[in-house]
Amino acid sequence: MTLALSGEEIAKQIEKKFPKSIVKSSPEGLVVDREFLLEVASYLKTARGLDFDYLTAITAVDYLDYFEVVYQLTSIKHNHSLVVKARCYGRENPSLPSVVSLWRGADFQEREIYDLFGINFEGHPNLKRIVLWAGFEGHPLRKDYLRW
Amino acid sequence: MVIKTEPFVVNFGPAHPSTHGVFRMRMTLDGEVIVDMEPVFGYLHRGIEKLAEERTYTGCIPLTDRLDYTASMTNNFAYVLAVERLAGITVPERAEYIRVIMAELQRIASHLIAVGTFLNDCGAFMTPVLYMLREREKILDLFDMVSGQRLTYNYMRVGGVSQDIPEEFIPALKKFVKEMPGWIDEYDRLLKENEILLARTKGVGILPKELAINISASGPVLRASGVKRDIRRADPYSIYDRFEFDIPTGTAGDCYDRYRVRIEEMRQSVRILKQAMEQLPKGKVRSDVPHLTHPPVGEAYGHIEAPRGELGFYLVSDNSIAPYRFHVRAPTLINLTALRDMMVGWKVADAIIIFGSIDICVAEVDR
Amino acid sequence: MAVLPADWPGGFWVHWGVFVVIIFVFVLAMVMGFIWFERRALGIMQARLGPNRAGPFGLLQPVADVIKLLTKEDIVPAKGDKWVHWLAPVVAVAPMLMIFAVVPFQGGASMADLNIGILYIVAVSSISVLGVFMAGWASNNKYSLLGAMRMVASVVSYEIPVVLSIIGVVLLAGSLSMQQIVMAQDIPFILLQPLGFLLFFIGACAEINRAPFDLLEADSEIVAGFNTEYSGMKWGLLFLAEYGEALAISAIVTTLFLSGWRGPVLPPWLWFLIKVGAVFFVIVWIRATVPRVRIDQLMALAWKFLFPLALLNLLITAVEILVFPAVSLWVLVPINIAIMIVLVILWSRLFKLGWGRVEV
């Protein structure tokens, strides 16, 4: 059975290493400050006992004040999982660092989030639209995208 | 004097006989060798995730049918599992067993298409496809009995299944389960040791183990590369912990291993079907929940082992009758991340085979 | 050399006219029959029926196909080379018809019993490659060009084992003339030259681009290769060329290896037709069963497998003729079959089929 690790416990572990990096934590998952996202992700991937080498999914949700990008991480070796989130504010040009350098599976998924939400991922090698055509204007999955 | 040669760009365009759906590959060729490749898709994007935000939770079930239309039952299964996790609903025993039977039958049907079209791409001119489609017709007859549909079933509901199985279903299923291993052996015998097939698929399009984990591959693609991860064992959902089955894995991660893994998985599915049929209890097929599901505020991620990989649904609820966010973790989209790495250096003829062995369904890639 | 048998009424031109008509009728009728036969046989092998609507058992299906092709619009690619595009099917079909001038339908009944019969066939059949290459070039389409290139490479490579295995037969018969070869087959040469038969059959299947070597018109890769841009009767002519070559190969195999029109009870031309049909059935059977090879595997098969074996076959045949001139030929049959089995098994262990990934 894949053990869903408690967000609070991992948050305490991360706080010791990277102070002030956790915004919020709960048993279901933890929210990381966007400045520390790459370092925390790298720590989660390489730390012994955690070993999150498999990125199950990345999604984004539009809560009107902020965008929240959700990372579902899994460890194949220990068979446990964790939910990490990061928030970015502002509707004009929200951006987050890209985790493609750690998990290549993020490649197409981040392009899709850019396409449908407009979130810019810094450091992504090929950030262009993937499911919509190149000249499309707007980002459809935003809550304020009016179709007609 | 050296003749100057330069690579040229060919488009394996959206309309092509053997890209499984509308999928475009821009290849840069040097003679017959592929030097560079870029996949372009999005030709079948219908905005399912946005459409789902305006439909009720039950009304989204037909949308999930159209995601990977060759494996509708498992799509339904993953979605209702996620909603039940979100709303905290339990499912009666009989419904669980019926769901498992449908999911395993669907796995066999989907793998028949996958293996048949893969062999067709290798050039065996339709003979394997037609034999396998003959078996798939029997499965489609079973599904027709249950839901009245042959392709997009819309059968599972939040809290169970939509209706009970008719009386003629179990005898027909018994007959199918008795004959199917013989048919699988026949396909195996025809082509397993064929020299030409071995020469064309062994060692072709290798996906190494570390790369497979790094790109979040799942399903037969991951297992053929040597990683023994199957959601039915690693994170058992529904009642899969009551059944005995093996998880076939490959060693080399080439096209031949992916083909073998799928054939072996069909055998294991027949095994699960036999056990599920014997243990099928009586009872209700749907728990007493209101038709309009009204889950509390929260989020849930529910995933299953679909024939093509790990299909997951991420749902966010804001206590209304429609999902606030409906996201599909499409296994085939993520499996395609390594396509360029697998193809560069091989020839045009291999490109089609490598692409066919990943077994995509463009409706799921684009959603 | 007797071009015209002594008991022919009329003269040279009457004989020529009658045979031109016979050959045209034979080729067209047999090709239509082959099309129908292949589709039905393939269908039944694939657990479905073939065409069964047009006429009883679908026998009028090829007629329906021809009518459809004649009434289709003729599309020429705008940027392609118009004259080459028009000329290519002609160049592909004409040599195929010329082959039948030396095939003996019955004892004494062939259009011209040249005493260099088989050499003429080898020479003429290589011309139709030009037609295919012209078709691929004139279409202004990268897929067609790929297909045409593959064709040229493969046909040039497979000429050599085919010709070498023919020489084995010629050594045994003592003459290049097709009639003489049939008359010399008291034992059918398939038993005396099993290795030669195998090599010729594989090489010939590769020359006519039938499965498993049909990578020129591989549906799943290059969308019909060189005939992508052809429609209407030009496509019909290219199709006729392909099936006509299959018919020609069946006829040549029958003459060279299966003792032509000779047989006990039935009239000779009926034996000829039966044997040609049997060879074609084997070709269709192979198409329904095996997958397709890749281009570099195709070339490796020709140069590394068939060519050395053809040389060995020639050497062994020559040695046998020199060493055992007086012994009855039936003794050689089991020896040759044993040699073939040993050589084929040994060689297939030794060589590797094509190279793998190229570093870019």
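Residues numbered from 1 in each chain as written. Chains lettered and ligands numbered in written order. Predicted model: local features only at pLDDT ≥ 70, side-chain atom pairs only at ≥ 80, totals over all residues.

A. Inspection of the overall build of chain A at higher detail. Check the secondary structure of chain A and you find 3 helices and 8 strands. When the helices and strands of chain A are listed from N to C terminus, the series reads β-α-β-β-α-β-β-β-β-α-β. A compact globule built from 148 residues would reach a C-alpha radius of gyration of about 15 Å, and chain A, at 16 Å, matches this within 12%. Judged by the C-alpha coordinates and their principal axes, chain A covers about 50 × 30 × 30 Å. Split into buried and exposed, the 148 residues of chain A put 43% on the buried side. Sequence separation of 24 or more characterises 43% of the internal contacts of chain A that already satisfy a separation of 6 or more. (Helix = DSSP H or I, 4+ residues; strand = E, 2+ residues; numbered from the N terminus. Rg over C-alpha atoms; globule rule 2.2 N^0.38 Å. Buried ≥ 20, exposed ≤ 12 C-beta atoms within 10 Å, placed from the backbone. Contact = placed C-beta atoms within 7 Å.)

B. Representation of helix α4 (residues 117-125) of chain C. Residue and element names in this part refer to chain C. Every buried residue of α4 is listed here: Gly117, Ile118, Ile121 and Ser125. In an axial view of α4, the angular spread of the buried residues amounts to 95°, which keeps them on one side of the axis. Buried residues along α4 sit against α3 (82-99), α5 (128-138), α6 (142-173), α7 (178-183) and α11 (232-257). (Arc of directions from axis to C-beta.)

C. Expanded view of the environment of Gln46 of chain C. Along the polypeptide, Gln46 of chain C turns up in the loop between α1 (12-45) and α2 (61-70). The class for Gln46 of chain C is partly exposed, based on 18 C-beta atoms found within 10 Å. Sequence separation between Gln46 of chain C and Pro212 of chain C is 166 residues, and the spatial gap between their C-alpha atoms is 17 Å. Every residue in contact with Gln46 of chain C, bar those within four places of it in the chain, is listed here: Met126, Thr127 and Leu130 of chain B together with Ala288 of chain C.

D. Layout of the interface of chain B and chain A. Residue-level contacts link 26 residues of chain B with 24 residues of chain A. Those elements giving two or more residues to the side of chain B that touches chain A turn out to be α1 (48-52), α8 (209-214), β7 (309-317), β8 (325-329) and α12 (331-335) of chain B. Class assignment for the residues of the side of chain B that touches chain A results in 11 nonpolar, 8 polar and 7 charged. (Nonpolar A, V, L, I, M, F, W, Y, C, P; charged D, E, K, R; others polar.)

E. Looking closely at the sheet that holds strand β1 (residues 8-12) of chain B. All names here are of chain B. Read across the sheet, 3 strands follow the order β1-β2-β3 without closing on themselves; strand pairing throughout is antiparallel. In this open sheet, the two strands that pair with only one neighbour each are β1 and β3 (33-40). The mean inter-strand angle of the sheet, taken between neighbouring strand axes irrespective of direction, is 25°. The sheet contact formed by strand β2 (residues 24-30) and β3 spans 7 bridges and is antiparallel. Residue pairing in the sheet places Leu29 in a bridge with Ile34 of β3. (Pairing = 2+ DSSP bridges. Axes fitted to C-alpha atoms, helices over the stretch in contact; angles between N-to-C directions.)

F. Representation of the pairing of β2 of chain B in the model. All names here are of chain B. Looking at chain direction, β1 and β2 are connected through 5 bridges and run antiparallel. By the bridge assignment, Val9 is partnered in β2 with Thr28. Hairpin connection of β2 to β3: 2 residues between the antiparallel strands, including Gly31 at a positive phi of 75°.

G. Examining unusual backbone geometry more closely. A positive phi is found at Asn79 of chain A, a non-glycine position, where the angle reads about 55°. Here Asn79 of chain A lies in the loop between β5 (66-75) and β6 (80-89). Although it is not a glycine, Ser216 of chain B adopts a positive phi angle of roughly 60°.

H. Broad picture of the sheet that holds β7 of chain B. Residue and element names in this part refer to chain B. Spatially, 3 strands are ordered β6-β7-β8 in an open sheet, and the strand pairing comes out antiparallel. In the strand order of this sheet, the two ends are held by β6 (298-306) and β8, each with one partner. Within this sheet the neighbouring strands show an average axis-to-axis angle of 10°, counted without direction. As paired strands, β7 and β8 are joined by 5 bridges and run antiparallel to one another. When the bridges of β8 are listed, Gly312 appears paired with Arg329. Along the sheet, helix α3 (residues 72-87) makes contact with β6 and β7, crossing β6 at roughly 150°.

I. Molecular detail of the packing of helix α9 (residues 194-207) of chain C against helix α14 (residues 329-350) of chain C. All names here are of chain C. One way to put it is that α9 packs onto α14 with a least axis distance of 8 Å and a crossing angle of 50°. It follows that α9 is oblique to α14 by the angle criterion. Where α9 approaches α14, its residues Pro194, Leu195 and Leu198 are matched on the opposing element by Asn336, Ile337, Ile339, Met340 and Leu343. Of the residues assigned to the contact of α9 with α14, the class counts are 7 nonpolar, 1 polar and no charged. (Parallel < 35°, antiparallel > 145°, perpendicular 65-115°, else oblique.)

J. Quick look at the arrangement of the chains. Ranked by contact count, the leading pair among the 2 pairs of chains in contact consists of chains B and C. As for chain C relative to chain A, no contact occurs, and the smallest C-alpha gap between them is 21 Å.

K. Spotlight on the packing of α5 of chain C against α6 of chain C. Residue and element names in this part refer to chain C. Where α5 contacts α6, the two axes come as close as 7 Å, and the packing angle between them is 160°. The angle between α5 and α6 places the two elements in the roughly antiparallel class. Handedness of the crossing formed by α5 with α6: left-handed. Across from Val129, Val132, Phe133, Ala135, Gly136 and Trp137 in α5, the residues of α6 making contact are Ser144, Leu145, Gly147, Ala148, Met151, Val152 and Val155. For the contact of α5 with α6, a count of residues per class yields 10 nonpolar, 3 polar and no charged. (Left-handed = near helix turned anticlockwise from the far one by under 90°.)

L. Looking closely at the confidence of the model for chain B. Residues with a pLDDT of 70 or more make up 99% of chain B, whose mean pLDDT is 87. In the model output, the complex is listed with pTM 0.86 alongside ipTM 0.90. (pLDDT = per-residue confidence, 0-100.)

M. The arrangement of helix α5 (residues 127-147) of chain B in detail. Taking 1.5 Å of rise per residue, 21 residues should cover 30 Å, and α5 of chain B covers 30 Å from first to last C-alpha, within 8% of that figure. Turning to α5 of chain B, its buried residues number three or more, namely Thr127, Pro128, Val129, Met132, Glu135, Phe143, Val146 and Ser147 of chain B. Close packing links the buried residues of α5 of chain B with α4 (93-121) and α6 (169-191) of chain B together with α1 and α12 (268-289) of chain C. One or two positions beyond α5 of chain B, positive phi appears at Gly148 of chain B, with a value near 80°. (Expected span 1.5 Å × (residues − 1).)

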